[in-house]
Amino acid sequence: MADDDSKREDLTPGAPVPTGVPGLDYVMAGGYARSSLHLIEGAPGAGKTTMALQFLMEGREQGERGLYVSLSETREELLRSAKTHGWSLDGIDIFELIPPELTLDPQQDQTVLYASDLELGETVNMVMKEVERLKPHRVVFDSVSEIRLLSQSPLRHRRQVLALKHFLSAQGCTALFLDDLTQEIEETSLHSLAHAVVRLQQNPLQFGGDRRRLRVFKMRGREFRGGYHDFVIQTGGVVVYPRLIAAEHHTEYSDETPVGTGIEQLDKLLGGGLDRGTGTLVIGPAGSGKSTLCLQFLRAALDRGEKGLVVSFDESRRVLLKRAKGIGVDLAAYEADGLLVLEHVDPAELAPGELNGRISDQVGKGARIVVIDSLTGYQNALPEENFLALQMHELLTYLGQQGVLTLVVLAQHGLVGPMQSSVDLTYVSDNVLMLRFFEAQGQIRRALSVLKKRTGGHETTIREFLIDSHGLRVGPVLDKFHGVLTGVPSFSGVAESLLETRPNGD
């Protein structure tokens, strides 16, 4: 009896109806509203038809009948579009209203009406009769732009859409009306008629793929998640990546024991290690060892049996595996054991919210350490660079609330001497590790220091570190040097105070 009551409650007007689009239900706080009209707006190619078909196929999976009323596309075009995604539209009714010159087969099984020969009122009446005959649960009307052309006046257009709205609501239909926004002046008069309005945008960039995002303008009687949310159209349909809101995610975790690196001198420099739930910014010039330092933290976590994620913008998977193996870290073995996920990201093709979606998905699967290499690549993936700090603030806050140790690599401009960063994220990071080159005795060497650690004490010293085939080593304090961070220090010690490279096999 409880199950029957629950089913009746789901069928009540206003109850959430799944959209069939991953991520969109979360944005709309459950989905569309049952027995209501929803307006999906967007320029041609924005993804309206794909989203509408997913809505009908989701209903088919739930045992609900779906009807697609098309004034702009033929049945064959819809079937071809579905086929590109590997879909079958069997069980979904398609009702065409198309001009006669587009119909070459008068013997086809599908009923065809000629919208060009009908007055507006007759067209609307035909749609109503089809709905009464089929009694669908879900209806897609594509598109209201055609009704606008037939109406020839905004007042008549609004009245006809209003008539359709009341009729479909009385029939218990959950309806999507698609609008391609082809008129020169933006039309918003239908917004007041719709229970919800979703706007799809497709923004071209000067380089790389188009950026797609959506915004829910309104949703009556429900607290939806406003603002812009990224989405992509891929094989299999539309996928929405909701904007990350860190305040909505919090997990209890233990942060009493710092996370060590397995290297005694490095842990000593860090005051015992890094605390869980903190974000660490690793900065330095190109080639100074930032990625290698992160690999040391990663290997220590993987050896403890914790799961890890590496998001690489700058290196391909093959190069990353080869470089890690060159310092004695076999990432492929950890990956084969299911402890590690390697994500190589193309900045030119990445939707900004897609990165957050990939990371949160892996965190949900148990990842305890995340390495982003590098922030420079992430910055290039954002169409509005001014928002990088806000994106990273939300991401680091979210990961911190999940108890994840996050390492973010940021390359600085220059090699020796004064350094500059393309973006300043030191204020949103809990820890800041700085790497530098310096010259001593005719050799280029590396120095490491901790500039900031919010959650505990740390050494204020500068130590040398060395990378060879055995991995990473951290030396004693460079107390005989002055001006190491300038790149050209003065030396008052002896050569024995510096690290020596160990030959292979030692």
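As a starting point, this report considers the structure included with it. In this text the structure is predicted, and so the values were computed from the model without any measurement.

Another aspect to go through is the overall build of the chain. In terms of helices and strands, the chain carries 14 helices and 23 strands. Across the chain, the fraction of contacts at a sequence separation of at least 24, relative to all contacts at a separation of at least 6, is 68%.

Under the counting rule described, the total for this entry stands at two aromatic pairs. A centroid spacing of 5.1 Å and a plane angle of 25 degrees characterise the contact between Phe 141 and Phe 177, whose relative ring orientation is stacked. Here Phe 141, found in strand E7 (residues 138–142), pairs with Phe 177, found in strand E8 (residues 174–179); they are 36 residues apart in sequence, far enough to count as distant. Cation over ring: Arg 215 sits above Phe 217, and NZ or CZ is 4.4 Å from the ring centre. The ring of Tyr 26 carries Arg 225 above its face, with NZ or CZ at 3.9 Å from the centroid.

Adjacent strands of a sheet pair through backbone hydrogen bonds, lying either parallel or antiparallel. One open sheet accounts for nine strands, arranged E15-E14-E16-E17-E13-E18-E19-E20-E21; its pairing is mixed. Of all the strands in the sheet, the pair left with one neighbour each is strand E15 (340–344) and strand E21 (471–477). Within this sheet the neighbouring strands show an average axis-to-axis angle of 20 degrees, counted without direction. Where strand E20 (residues 462–468) and E21 come together, five bridges link them in antiparallel fashion. Considered in E21, the bridge of Ile 467 is made with Leu 472. Of the strands in this sheet, strand E14 (307–312), E15, strand E16 (367–373) and E20 are in contact with helix H10 (residues 317–326), which crosses E15 at around 130 degrees. Across the sheet, helix H12 (residues 352–364) touches E14, E15 and E16, and the angle it forms with E14 is around 165 degrees.

Turning our eyes to something else, we now look at the packing of H12 against helix H14 (residues 388–401). With their axes 11 Å apart at the nearest point, H12 and H14 run at an angle of 5 degrees to one another. Looking at the two axes, H12 sits roughly parallel to H14. When H12 is examined against H14, the residues Pro 352, Asn 356, Ile 359, Ser 360 and Val 363 are found in contact with a partner set consisting of Gln 391, Leu 395, Tyr 398 and Leu 399. When grouped by side-chain class, the residues that make up the contact of H12 with H14 number six nonpolar, three polar and no charged.

Here the focus is helix H9 (residues 290–303). Given a rise of 1.5 Å per residue, 14 residues ought to cover 20 Å, and the 20 Å separating the end C-alpha atoms of H9 matches this to within 8%. Taken across its 14 residues, H9 has 13 buried, putting it largely inside the fold. One or two positions beyond H9, positive phi appears at Gly 305, with a value near 90 degrees.

The N-to-C vectors of helix H6 (residues 144–151) and helix H7 (residues 154–170) enclose an angle of 130 degrees; their axes lie 8 Å apart at closest approach. When the axes of H6 and H7 are compared, the pair comes out oblique. Viewed along their axes, H6 and H7 form a crossing whose handedness is right-handed. Taken together, the residues of H7 that come into contact with H6 (itself represented by Val 144, Ile 147, Arg 148, Leu 150 and Ser 151) are Arg 156, His 157 and Gln 160. Class assignment of the residues belonging to the contact of H6 with H7 gives a composition of three nonpolar, three polar and two charged.

A word on the pattern of salt bridges. Using the criterion set out here, one finds 17 salt bridges in the structure. When the shortest N-O distance is used, the salt bridge between Asp 468 and Arg 473 registers 3.6 Å. Like Asp 468, the residue Arg 473 is buried in the burial classification. Residues joined by salt bridges that share partners form a network here, namely Arg 34, Glu 64 and Arg 138.

Here we take up H7. Taking 1.5 Å per residue as the helical rise, H7 with its 17 residues ought to reach 24 Å, and the 24 Å between its terminal C-alpha atoms agrees with that figure. When H7 is considered as a whole, its buried residues turn out to be His 157, Gln 160, Val 161, Leu 164, Phe 167 and Leu 168. In a view along the axis of H7, the buried residues occupy a sector of 125 degrees, so they form one face of it. Away from the buried face of H7 by more than 90 degrees, exposed residues Pro 154, Leu 155, Arg 159, His 166 and Ala 170 are located. Positive phi appears at Gly 172, one or two residues downstream of H7, with a value of about 75 degrees.

Criteria and thresholds
Residues numbered from 1 in each chain as written. Predicted model: local features only at pLDDT ≥ 70, side-chain atom pairs only at ≥ 80, totals over all residues. Heavy atoms only, no water. Helix = DSSP H or I, 4+ residues; strand = E, 2+ residues; numbered from the N terminus. Contact = heavy atoms within 4.5 Å. Phe/Tyr/Trp six-rings, centres within 6.5 Å; stacked < 30°, edge-to-face > 60°. Lys NZ or Arg CZ within 6 Å of the ring centre and 35° of its normal. Pairing = 2+ DSSP bridges. Axes fitted to C-alpha atoms, helices over the stretch in contact; angles between N-to-C directions. Parallel < 35°, antiparallel > 145°, perpendicular 65-115°, else oblique. Nonpolar A, V, L, I, M, F, W, Y, C, P; charged D, E, K, R; others polar. Expected span 1.5 Å × (residues − 1). Buried < 20%, exposed > 50% of the residue type's maximum accessible area, 1.4 Å probe, protein only. Left-handed = near helix turned anticlockwise from the far one by under 90°. Salt bridge = Lys/Arg side-chain N within 4 Å of Asp/Glu carboxyl O. Arc of directions from axis to C-beta.

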